[in-house]
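# Per-entry structural report
Residue strings, one per chain:
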Amino acid sequence: MPPNTQDTDLLDIDDILSEEEILLRDSVRGFVEDKILPNIASWYEAGRFELDLVKDLANLGIFGMTLDGYGGGGARARAYGIALRELEAGDSGLRSFVSVQSSLTMNGIYMFGSEEQKNEWLPKMASGDALGCFGLTEPDAGSNPAAMKTNAVQKGGDWEINGVKTWITNGSISDVALVWAQTEETNSTGGIRGFLVPTDSKGFSATDISEKASMRASITSEISLNGVLVPDEFRLPEATGLKAALSCLSEARFGICFGAVGAARSCLETAIDYSQTREVFAKPLAALALTQDKLVNMATLYSNAGLVAMHLAALKESGKATPAHISYGKRNNVAAAREIAREARSVLGANGISLAYPPIRHMANLESVYTYEGTHEIHTLVLGQKLTGHSAF
Ligand SMILES: Cc1cc2nc3c(=O)[nH]c(=O)nc-3n(C[C@H](O)[C@H](O)[C@H](O)COP(=O)(O)OP(=O)(O)OC[C@H]3O[C@@H](n4cnc5c(N)ncnc54)[C@H](O)[C@@H]3O)c2cc1C
């Protein structure tokens, strides 16, 4: 008989979860099994994000889950991580949607916004009545956002914003864009500031990026800001310098550490199930030593990544998580999931390239995850600097 999920994790990591966390895990997993898994292959093929899911996700309490007040759930970091892990077992695009709404945009407003901004946006974002996106990357500034060209110039009491942001998740479906722009402000933290730009502002437009071979069930857009005027009250008052944008990214990277484990589990379970039923040379694939070697290597990478995620959550909850810890988790767990997806695909043979099975979809998605939120290489440089004291950027 195929093993159940419990047996897939050779270290039984979920045995340390509280009853509350198990309830959360099972409710998000149930949602993924009921609403996502039966449809995701066709949505992926069609290149479609299903907007009806927004209310379901809000009802699960996932938007702003860790925020205190303003419609947030006040949950522990680990609980949020577990929810993202279960969502990404469905599809990385689903987890990306939540990461952008919750970790990047809501957290950005929560950490750096005024009381008015928090009251204006957070409750309706928590309920899914408003959607947000996070505009940092530009056509000529990805890994090095300090090179951004988007600028904001003060015009009386307003700011005029001009520039282009690209690869922006949820860009065309958002009500508000958290846009990072260069200003002429000169203090020790540099001139980059964050602005909450309503997407119906004059001069704002978003065009979806088509022909993607990865993250097809997620919306990715290019945003143009042509002379967009916003009042000073739309600037995040506490966001001074690039470090503010980077601390939003740290929140999202933490979620990715868990999410990658979910994608990996989906691939590993599929490979184990398939190997039990597929016969080659009159034997189940699972009975072959070479298949078992693949499965054991995948399961080891998977459980190790699960441990890393749990440890990071403990560090985060005790206020000890550093950017280098998060870099370690993002780099390790996404690389592990990517390797597991590729190996699972090979276990399925030709069926491995069919969207009827999840590994090829996860494998393609994980290429994006490997690149966004700090590329694998950039996190290598962060850790290299931590170990040696030399910056090799
Ligand atoms: C599906 C998807 C969704 C995204 N969503 C968002 C979003 O919502 N908001 C947003 O702002 N951005 C988003 N991004 C953009 C993403 O964050 C950037 O793609 C990422 O930061 C890398 O930038 P780049 O693509 O310009 O690559 P580049 O910076 O051009 O890098 C190209 C290659 O060079 C390597 N490299 C760069 N610098 C160095 C160095 N010093 N030493 C060695 N190697 C180096 C990189 O690791 C990479 O392999 C998204 C991207 C994707 C694919």
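Residues numbered from 1 in each chain as written. Predicted model: local features only at pLDDT ≥ 70, side-chain atom pairs only at ≥ 80, totals over all residues. Heavy atoms only, no water.

### So, the pattern of salt bridges
- Applying the stated criterion across every chain yields a total of 22 salt bridges.
- With a closest N to O distance of 3.2 Å, Lys35 and Asp56 form a salt bridge. Of the two residues, Lys35 is situated in helix 2 (residues 19-36) and Asp56 in helix 4 (residues 53-59); the sequence distance between them amounts to 21 residues.
- Salt-bridge contacts for Arg235 lead to Asp232; the nearest nitrogen and oxygen are separated by 2.9 Å.
- If you follow the salt bridges from partner to partner, you end up with Asp14, Arg25, Asp26, Arg29, Arg85, Glu86, Arg265 and Glu269 in one network. (Salt bridge = Lys/Arg side-chain N within 4 Å of Asp/Glu carboxyl O. Helix = DSSP H or I, 4+ residues; strand = E, 2+ residues; numbered from the N terminus.)

### A closer look at the site of the ligand
- Among the 18 residues in the neighbourhood of the ligand, the closest are listed as Thr137, Ser143, Trp167, Thr375 and Glu377.
- For the ligand, a nitrogen atom lies 2.7 Å from a polar atom in the side chain of Thr137.
- Within the contact set of the ligand, a nitrogen atom lies 2.7 Å away from a backbone nitrogen or oxygen of Trp167.
- Taken by itself the ligand offers 980 Å² of open surface, and the protein chains cover 67% of this.
- Tallied by class, residues from the shell around the ligand come to nine nonpolar, seven polar and two charged.
- Counting residues domain by domain, the shell around the ligand receives three or more from each of domain 2 (132-241) and domain 3 (244-388). (Near = heavy atom within 4 Å. Polar contact = N/O pair within 3.5 Å; in protein donor to acceptor, adjacent residues only side chain to side chain. Areas by Shrake-Rupley, 256 points an atom, 1.4 Å probe, with all protein chains shown as cover. Nonpolar A, V, L, I, M, F, W, Y, C, P; charged D, E, K, R; others polar. Domains from an automatic or database assignment.)

### What to know about the packing of helix 5 (residues 77-90) against helix 9 (residues 289-317)
- Where helix 5 contacts helix 9, the axes come no closer than 8 Å and their chain directions differ by 145 degrees. Taken as a pair, helix 5 and helix 9 cross one another with a handedness that is right-handed. Where helix 5 abuts helix 9, its residues Ala77, Arg78 and Arg85 lie against Met310, Ala313, Lys316 and Glu317. (Axes fitted to C-alpha atoms, helices over the stretch in contact; angles between N-to-C directions. Left-handed = near helix turned anticlockwise from the far one by under 90°. Contact = heavy atoms within 4.5 Å.)

### Some remarks on the side chain of Thr183
- You can see Thr183 is positioned in the loop between strand 4 (176-182) and strand 5 (192-198).
- On the basis of relative accessibility, which here comes to 9%, the residue Thr183 falls in the buried class.
- At 2.6 Å, the side chain of Thr183 forms a polar contact with the backbone oxygen of Gly191.
- Ignoring any residue separated from it by four or fewer positions in sequence, one finds Thr183 in contact with Ala152, Trp159, Gly191, Arg193 and Phe195. (Buried < 20%, exposed > 50% of the residue type's maximum accessible area, 1.4 Å probe, protein only.)

### Brief notes about the packing of aromatic side chains
- The final tally for this structure, using the stated rule, is seven aromatic pairs.
- Its end group placed over the ring of Trp121, Lys124 keeps NZ or CZ at 4.6 Å from the ring centre.
- Sitting over the face of the ring of Tyr370, Arg338 holds its NZ or CZ atom 3.7 Å from the ring centroid. (Phe/Tyr/Trp six-rings, centres within 6.5 Å; stacked < 30°, edge-to-face > 60°. Lys NZ or Arg CZ within 6 Å of the ring centre and 35° of its normal.)

### Focus: the environment of Leu196
- As for its position among the elements, Leu196 is in strand 5.
- The sequence separation of Leu196 and Thr105 amounts to 91 residues, and the corresponding C-alpha distance is 9.4 Å.
- Sequence-distant contacts of Leu196, defined by excluding residues within four places in its chain, comprise Ile109, Gln117, Trp121, Val176, Ala177, Leu178, Val230, Phe234 and Leu236.

### Digging into the domain arrangement of the protein
- One can read the domain layout of the protein as domain 1 (5-126), domain 2 (132-241) and domain 3 (244-388).
- Between domain 1 and domain 2 lies a buried interface of about 2,000 Å² when both sides are counted; carbon and sulfur atoms form 69% of it.
- The interface formed by domain 1 and domain 2 includes zero salt bridges.
- Our count for the contact surface shared by domain 1 and domain 2 stands at nine residue pairs in polar contact (both at pLDDT 80 or more). (Buried area = accessible area lost by both parts, 1.4 Å probe.)

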